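# Chains, contacts and geometry: an overview
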Amino acid sequence: RRSVAMADSLVPKHGGEVHEFSAHTVEAQERQARLMQQMEAQRRARTIAVPTLDADVRSKLRKIGRPITLFGERPENRRDRLRKILAEIEVGLEEDTAVRNLAGVT
């Protein structure tokens, strides 16, 4: 992800010159990209279907390598956590695919 931000920091100017953004500008772009990714994950989480049975939720969490139960977690909290995790995974996979497509890697 950082390499994409660094590549975006090079902006061609008139006459073919290339100028780099300041470190502060690159940092702000990275922060903005992370925020946009979080917002997209939250939006997706509202639409992702997750199992309703607690045993199925635990099974799905186990399958993706996440803790089955956090201390003090209730079944409805576990289900919400699964929904959030699945949305983050989905958004992350799409971002990785988009970066590969931009880079020309298949």
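Residues numbered from 1 in each chain as written. Predicted model: local features only at pLDDT ≥ 70, side-chain atom pairs only at ≥ 80, totals over all residues. Heavy atoms only, no water.

Here the focus is the overall build of the protein. Counting its secondary structure elements, the protein contains four helices and two strands. In sequence order, the protein lays out its α and β elements as α-β-β-α-α-α. Across the 106 residues that make up the protein, the buried fraction comes to 20%. The long-range fraction of contacts in the protein, counting pairs at least 24 apart against all pairs at least 6 apart in sequence, stands at 47%. Summed over its atoms, the accessible surface of the protein is roughly 8,000 Å², and 56% of this surface lies on carbon and sulfur atoms. (Helix = DSSP H or I, 4+ residues; strand = E, 2+ residues; numbered from the N terminus. Buried < 20%, exposed > 50% of the residue type's maximum accessible area, 1.4 Å probe, protein only. Contact = heavy atoms within 4.5 Å. Areas by Shrake-Rupley, 256 points an atom, 1.4 Å probe, with all protein chains shown as cover.)

Attention now goes to the layout of surface pockets. When its volume is computed, the second largest pocket comes out at roughly 150 Å³. Lining the second largest pocket are Q37, Q38, A41, Q42, A45, K84, A87, E88 and V91. Secondary structure elements with two or more residues in the lining of the second largest pocket: α2 (23–45) and α4 (75–103). Ranked by residue count, the leading element in the lining of the second largest pocket is α2, at five residues. Across the lining of the second largest pocket, the residue classes tally to four nonpolar, three polar and two charged. (1 Å grid on protein atoms, 1.4 Å probe; cavity = no way out; pocket = protein on both sides within 12 Å on 5 of 7 lines; lining within 4 Å. Points joined across faces, edges and corners; volume = space filled by probe spheres on them. Nonpolar A, V, L, I, M, F, W, Y, C, P; charged D, E, K, R; others polar.)

Taken together, the side chains of L35, M36 and M39 make up a nonpolar region of the molecular surface, amounting to roughly 280 Å² of accessible area. The topology assignment puts M39 in helix α2. By relative accessible area, M39 is classed as partly exposed at 45%. (Patch = residues over 30% accessible without salt bridge, like charges linked within 9 Å, V, L, I, M, F, W, Y side chains within 5 Å. Salt bridge = Lys/Arg side-chain N within 4 Å of Asp/Glu carboxyl O.)

Let's shift gears to α2. In a regular helix each residue adds 1.5 Å, so 23 residues correspond to 33 Å; α2 covers 33 Å between its end C-alpha atoms and thus fits that length. Within the span of α2, buried status applies to V26, E30, A41, R44 and A45. (Expected span 1.5 Å × (residues − 1).)

For the protein, per-residue confidence averages 79 on the pLDDT scale, and residues scoring 70 or more make up 72% of the total. Long-range and interchain partners of residues 1–7, a stretch whose pLDDT sits below 50, account for nine contacts in this model, where long-range means more than four residues apart. (pLDDT = per-residue confidence, 0-100.)

Once that is clear, we can look at the environment of D54. Mapped onto the elements, D54 comes out in helix α3 (residues 54–63). It is 7.6 Å that separates the C-alpha atoms of D54 and R79, two residues lying 25 residues apart in sequence. Setting aside residues up to four positions removed in sequence, D54 forms contacts with P75 and R78.

Let's shift gears to the pattern of salt bridges. Overall, the coordinates contain six salt bridges when judged by the stated rule. Here R58 ties to D54 by a salt bridge, and the two come within 2.9 Å at their closest N and O atoms. Of this pair, R58 and D54 both sit in helix α3, four residues apart, which is roughly one turn of that helix. With relative accessibility at 31%, the residue R58 sits in the partly exposed group. Under the relative-accessibility criterion, D54 is labelled partly exposed at 22%. In this structure, E73 and R81 form a salt bridge, with 2.7 Å as the shortest nitrogen-oxygen distance. For R81, a relative accessible area of 14% gives the class buried. What emerges from the salt-bridge pattern is a single network uniting D54, R58, E73, R78 and R81.

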